[in-house]
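# Analysis of the macromolecular model
So the chains spell out like this:
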Protein chains: 2
Amino acid sequence: MRCDVILVPAELPEGAAEGKAVAVIDVLRATTSMVAALDAGARDVVPTASVEEATRLAETLGREHIVLCGERDGQKINGFDLGNSPSEFTAAAVQGKTLVMATTNGTTMFNRVKPSSAVCVACVNNARAAAQALAATGQDILLVCSGKLGRFSLEDAVGAGMVASYLAELAPQAEFTDGALLAQALYQKYRKNLLRALKAAEHGRYLAGLGYKADLAYAAQENITATVPMLRDGRMVRPESAAGA
Amino acid sequence: MRCDVILVPAELPEGAAEGKAVAVIDVLRATTSMVAALDAGARDVVPTASVEEATRLAETLGREHIVLCGERDGQKINGFDLGNSPSEFTAAAVQGKTLVMATTNGTTMFNRVKPSSAVCVACVNNARAAAQALAATGQDILLVCSGKLGRFSLEDAVGAGMVASYLAELAPQAEFTDGALLAQALYQKYRKNLLRALKAAEHGRYLAGLGYKADLAYAAQENITATVPMLRDGRMVRPESAAGA
């Protein structure tokens with residue numbers, strides 16, 4: 001088994017994810033919010049690459065049947081039901097619903113990793129469970145950091161390092177690429193206080209400035225859930241639903 | 001002052017280097033070899049983006065006046081005088097000569113950083129001196145890792161982290177981006193034994209397999225020189241020559 005970490009989207013050439021088990025990571029906040037939404041009872045989450053795609057899809061599926069959520073520059077999109085803060089994804093807001101989600105970095109990655117054998121979502125909240133799900137596939141593993149407008153982001157690399165560190169325990173014989181070694185080193189540096197990494201990160205500081213400080217504390221919670229959303233027919237679903245699909 | 005680290009070439013959009021002081025880093029082995037070549041008495045080193053550009057330039061300048069050097073897949077290029085091993089850049093081979101150098105990753109970066117206010121070359125061998133030269137410009141600083149065919153490489157990030165750590169001492173008020181924080185964390189992990197990082201790196205393992213183990217040991221030597229090659233009119237020269245230009 002080989003474990004690779006994609007630090008910025010441009011490191012992932014077309015088709016490179018083929019036949020691999022992929023985890024998309026966007027700690028602040030898309031993948032953290034997706035996990036929160038499914039844990040709060042959402043039926044599924046459809047990640048879209050743009051606001052336009054999200055609104056078009058909402059019309060197709062029937063606006064009343066879906067919850068439109070997402071952000072631009074960290075803020076809720078005009079006319080959308082929810083933004084991208086995990087605290088918004090309460091049972092009252094999402095239970096039994098299909099969410100259509102448009103975020104700047106995280107949701108746009110899903111199109112690029114479609115040729116993979118399996119795509120899941122990871123964050124600090126579900127890192128151990130994500131590592132177990134990935135290892136169980138027996139495939140080579142690709143941890144994909146969403147980054148920030150094409151640039152590297154600290155919090156995603158810390159999240160990838162956390163998953164990679166669990167993988168190193170689960171599969172000690174696995175080969176770790178330079179990116180995977182780097183992510184693990186970064187996680188080791190911050191592991192005693194992951195919130196410190198989120199607060200040091202550029203996007204963490206930006207979100208705190210917008211008043212989303214509580215989102216950083218939420219996103220820094222380790223292994224609070226075993227939910228690992230899986231991509232099935234363009235939708236992120238809970239694994240039990242995935243198995244039944 | 002802001003200190004940013006570009007982890008992979010694609011993180012550097014067109015024009016992003018404008019007005020900044022840039023250090024290009026390719027620890028294994030282009031920038032290590034450039035520093036070695038100038039220390040061995042080479043007149044200057046012309047980095048080229050391709051083998052074709054290098055051979056064309058050799059014809060223009062007169063094949064007998066220049067030393068053609070470089071690698072493809074780590075090996076000396078057919079018909080070239082030297083490869084890309086720092087041990088080849090002896091006084092006997094390069095003193096007083098103009099070197100035209102074509103490497104896979106390192107030399108191709110120079111075209112992309114041309115709009116910078118100052119471009120120098122850094123590696124483990126000259127990291128402290130490079131940090132001092134960069135800090136002295138008073139400009140925002142960009143440490144550019146050459147990587148490996150567009151992918152992240154561990155040894156370049158360790159080198160960038162070493163330079164960034166010296167910059168943090170020289171300019172404690174400087175702002176460090178996510179990439180710069182990451183590189184510093186990586187350097188901290190390996191600082192007690194940088195050779196360990198080079199041996200763990202994919203390209204280090206590849207070169208060792210080709211028989212270039214001694215190059216890893218050479219490249220891992222910290223601050224053995226104060227030579228910081230500077231780009232002037234498309235050529236890397238020693239700073240004293242640069243000042244006179």
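All of these numbers come straight from a predicted model, not from anything done at the bench.

Now for the relation of the copies chain A and chain B. For the match of chain A to chain B, the screw axis carries a shift of 0.0 Å, the RMSD comes to 0.0 Å, and the turn is 180 degrees. The transformation just described matches what one would write down for a two-fold rotation axis. When you check the interface residues of chain A against chain B, 100% turn up at the interface there too, and the contact is symmetric in its surfaces.

Moving on, we get to the interface of chain A and chain B. When the parts of a complex come together, some accessible area is lost, and that lost area is often used as the size of the interface. Across the boundary between the two partners, chain A contributes 29 residues, which contact 29 residues of chain B. On the chain A side of the contact with chain B, A:Glu11, A:Arg151 and A:Asp178 bury the most area, a combined 30% of that side's loss. On inspection of chain A and its partner chain B, the count reaches eight salt bridges. For B:Arg151, the salt bridge is made with A:Glu11, and the minimal N-O distance between the two is 2.8 Å. The interface formed by chain A and chain B contains 12 residue pairs in polar contact (both at pLDDT 80 or more). At the level of elements, β1 (2-6), α6 (154-170), β9 (175-176), α7 (178-190) and α9 (202-209) of chain A are the ones that each hand at least two residues to the side of chain A that touches chain B.

All names here are of chain B. For the structure on display, the rule yields 20 salt bridges over all chains. The shortest N-O distance in the salt bridge between aspartate 215 and arginine 29 comes to 2.8 Å. In this pair, aspartate 215 sits in helix α10 (residues 213-219) while arginine 29 sits in the loop between β2 (21-25) and α1 (30-39), placing the two residues 186 residues apart along the sequence. On the basis of relative accessible area, aspartate 215 is assigned to the buried category, the value being 5%.

Counting residues in hydrophobic clusters, the biggest one holds 103 residues, and the most contacted among them are A:Leu143 and B:Leu143. In contact with B:Leu143, other than residues within four places in its own chain, are B:Cys3, B:Asp4, B:Val5, B:Ile6, B:Ala23, B:Ile25, B:Leu134, B:Ala160, B:Val163, B:Ala164 and B:Leu167.

A few words now on the pairing of strand β2 (residues 21-25) of chain A. Residues and elements named next belong to chain A. Here β2 lies mainly inside the structure; five of its five residues are buried. Neither face of β2 is open: one carries Ala21, Ala23 and Ile25, the other Val22 and Val24, and all of them are buried. Inspection of the sheet shows β2 paired to strand β7 (residues 118-122) by five bridges, in the parallel sense. In the strand pairing of β7, alanine 23 is matched with cysteine 120. In terms of strand pairing, β2 meets strand β8 (residues 141-145) through five bridges, oriented parallel. Across the sheet, alanine 23 pairs through a bridge with leucine 143, a residue of β8.

Our focus in this paragraph is the packing of aromatic side chains. Two aromatic rings are characterised by how far apart their centres lie and by the angle between their planes. Residues and elements named next belong to chain A. This model, assessed by the stated rule, comprises zero aromatic pairs over all chains. Over the ring of tyrosine 212 we find arginine 29; its NZ or CZ atom is 4.4 Å from the centre of that ring. Positioned above the aromatic ring of tyrosine 190 is the side chain of lysine 189, whose terminal nitrogen or guanidinium carbon lies 5.6 Å from the ring centre.

Conventions used here
- Residues numbered from 1 in each chain as written.
- Chains lettered and ligands numbered in written order.
- Predicted model: local features only at pLDDT ≥ 70, side-chain atom pairs only at ≥ 80, totals over all residues.
- Heavy atoms only, no water.
- Least-squares fit on C-alpha atoms with pLDDT ≥ 70 in both.
- Contact = heavy atoms within 4.5 Å.
- Buried area = accessible area lost by both parts, 1.4 Å probe.
- Salt bridge = Lys/Arg side-chain N within 4 Å of Asp/Glu carboxyl O.
- Polar contact = N/O pair within 3.5 Å; in protein donor to acceptor, adjacent residues only side chain to side chain.
- Helix = DSSP H or I, 4+ residues; strand = E, 2+ residues; numbered from the N terminus.
- Buried < 20%, exposed > 50% of the residue type's maximum accessible area, 1.4 Å probe, protein only.
- Core = buried A, V, L, I, M, F, W, Y, C linked by side-chain atoms within 4.5 Å.
- Pairing = 2+ DSSP bridges.
- Phe/Tyr/Trp six-rings, centres within 6.5 Å; stacked < 30°, edge-to-face > 60°.
- Lys NZ or Arg CZ within 6 Å of the ring centre and 35° of its normal.

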